[in-house]
Amino acid sequence: MLAPVAVSAQGEETTVEVPAVWLMENDLLCSVVANNLLDESARETIRDGGTAAVDYTFELYRNRRGWFDSLIESRDLQLRISYDAFERQYRLISPDLRLKTEDFTKVVTQCTSLSEVSFGTMDQLRLDPQATYYIVVRVRYQPMSVETIDDLRDWVSGSGRDEEQRNSKNRGEGFGSRIARVLMSAAGFGEEDLQGESERFRPSELDVRVPPESE
């Protein structure tokens with residue numbers, strides 16, 4: 001379902017695209033690609049102990065001439081990426097997904113290539129088949145999420161030191177040294193707020209696709 005996405009070379013432009021919009025069983029769907037969102041610097045920050053956050057907001061608008069465009073539907077997707085130093089695996093968590101893998105490119109694929117984003121059925125959305133609509137996708141990437149900041153706060157206050165001593169025997173290093181390297185890796189590598197839009201479309205002119213199991 002998801003097309004492979006390679007880890008980008010550092011310095012390439014980060015963009016968000018909505019390549020396709022279609023109907024399937026009266027459901028309005030789109031695909032989304034975030035190009036170059038997770039590069040080698042992101043992988044190093046995560047591997048050094050950071051919990052990265054990738055948050056999507058999907059918005060469907062109706063185009064209205066001479067007036068503000070109307071927001072029809074808005075949906076969110078939150079993804080969290082971390083690294084388990086003991087198991088030496090990356091972890092990806094979302095409302096519908098739990099992934100553990102040694103291959104960071106698999107994490108990149110799941111986070112940046114969304115093959116089917118559903119907005120609901122035509123009836124639920126009350127879409128006019130002849131009206132003009134478009135989709136806006138907003139992406140916020142945080143190399144150090146709230147979870148990481150909370151860990152750092154606990155460690156600085158001293159509440160994480162006992163845990164550090166317990167875990168250091170198993171992981172070969174303390175939490176303090178790992179979080180210090182996170183801060184060093186994250187220096188100059190801040191949050192990104194991105195946005196992409198689909199082309200304008202009329203529901204009556206969209207491609208109608210057949211579900212895979214019905215082909």
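Shown above is the structure to which this text applies.
Asks: Sorry if this is basic, but what is going on with the nonpolar core here?
Replies: What tends to happen in soluble globular proteins is that the nonpolar side chains get buried as a cluster. By size, the foremost hydrophobic cluster in this structure holds 42 residues, and its most contacted members are Leu-28 and Tyr-56. Among all residues touching Leu-28, those that are not within four sequence positions of it are Val-21, Trp-22, Leu-23, Leu-60, Val-117, Ser-118, Phe-119, Gly-120, Leu-125, Leu-127, Phe-201 and Leu-206.

Asks: What exactly am I supposed to notice about unusual backbone geometry here?
Replies: The phi angle of most residues is negative, glycine excepted, and most peptide bonds adopt the trans form. At Asn-36, a position not held by glycine, the phi torsion is positive, near 65°. Structurally, Asn-36 can be placed in the loop between β2 (27–35) and α1 (40–47).

Asks: Could you clarify how one ought to interpret α1 in this entry?
Replies: Structurally, the α-helix is built with 3.6 residues per turn, so residues lying three or four positions apart point the same way. Turning to α1, its buried residues number three or more, namely Ser-41, Ala-42, Thr-45 and Ile-46. Seen from one end, α1 has its buried residues packed into an arc of 135°, which puts them on one side. For α1, the N-terminal capping position is held by Asp-39, with its side-chain oxygen 3.1 Å away from the main-chain nitrogen of Ser-41. Phi turns positive one or two residues past the end of α1, at Gly-49, with a value near 120°.

Asks: Would you mind going over the environment of Gln-110 with me for this structure?
Replies: Of note, Gln-110 is situated in helix α2 (residues 104–112). Spatially, the C-alpha atoms of Gln-110 and Leu-99 are 9.3 Å apart, while their sequence positions differ by 11 residues.

Asks: What's the story with the pattern of salt bridges in this structure? I'm lost.
Replies: Pairing between side chains of opposite charge can happen when the charged atoms of each approach one another. In this structure the tally under the stated criterion is 10 salt bridges. Here Arg-75 ties to Glu-73 by a salt bridge, and the two come within 3.2 Å at their closest N and O atoms. We classify Arg-75 as partly exposed; its relative accessible area is 32%. One salt bridge in this structure joins Arg-202 and Glu-205, with 3.4 Å as the shortest N-O distance.

Asks: What is the right way to look at the pairing of strand β1 (residues 15–24) in this model?
Replies: Across the 10 residues that make up β1, a large majority, 7, are buried. Here 8 bridges tie β1 to β2, and the two strands are oriented antiparallel to one another. The partner of Glu-17 across the bridge, within β2, is Val-33. Here β1 folds back onto β2, and the loop between the two strands holds 2 residues, one of which, Glu-25, carries a positive phi near 50°. Bridging between β1 and strand β10 (residues 207–209) involves 3 bridges; their strand directions are parallel. The residue of β10 that forms the bridge with Met-24 is Arg-209.

What counts and how
- The residue numbers shown here count from 1 along each chain, following its written sequence.
- Only residues with pLDDT of at least 70 are given local features in this predicted model, and only at 80 or more are side-chain atom pairs given and counted; all residues enter the totals for whole chains, interfaces and linings.
- Note that the side-chain values use all heavy atoms of the structure and ignore hydrogens as well as water.
- Joining through side-chain atoms within 4.5 Å is the link that ties buried Ala, Val, Leu, Ile, Met, Phe, Trp, Tyr and Cys residues into a set, and such a set is a nonpolar core.
- Burial classification: accessible surface area is computed with a 1.4 Å probe over protein chains only, and a residue below 20% of its type maximum counts as buried, one above 50% as exposed, and the rest as partly exposed.
- In this description, contact between two residues means that some pair of their heavy atoms is separated by no more than 4.5 Å.
- Helix and strand definitions follow DSSP, with helices as H or I runs of at least four residues and strands as E runs of at least two, each counted in order from the N terminus.
- To obtain the arc, one takes the directions from the helix axis to the C-beta atoms.
- N or O atoms within 3.5 Å of each other form a polar contact, as long as, within protein, one can give a hydrogen and the other can take it, and as long as residues adjacent in sequence are counted only when both atoms are side-chain atoms.
- Think of a salt bridge as a Lys or Arg side-chain nitrogen and an Asp or Glu carboxyl oxygen that are within 4 Å of each other.
- Following DSSP output, two strands are said to pair if at least two bridges run between them.

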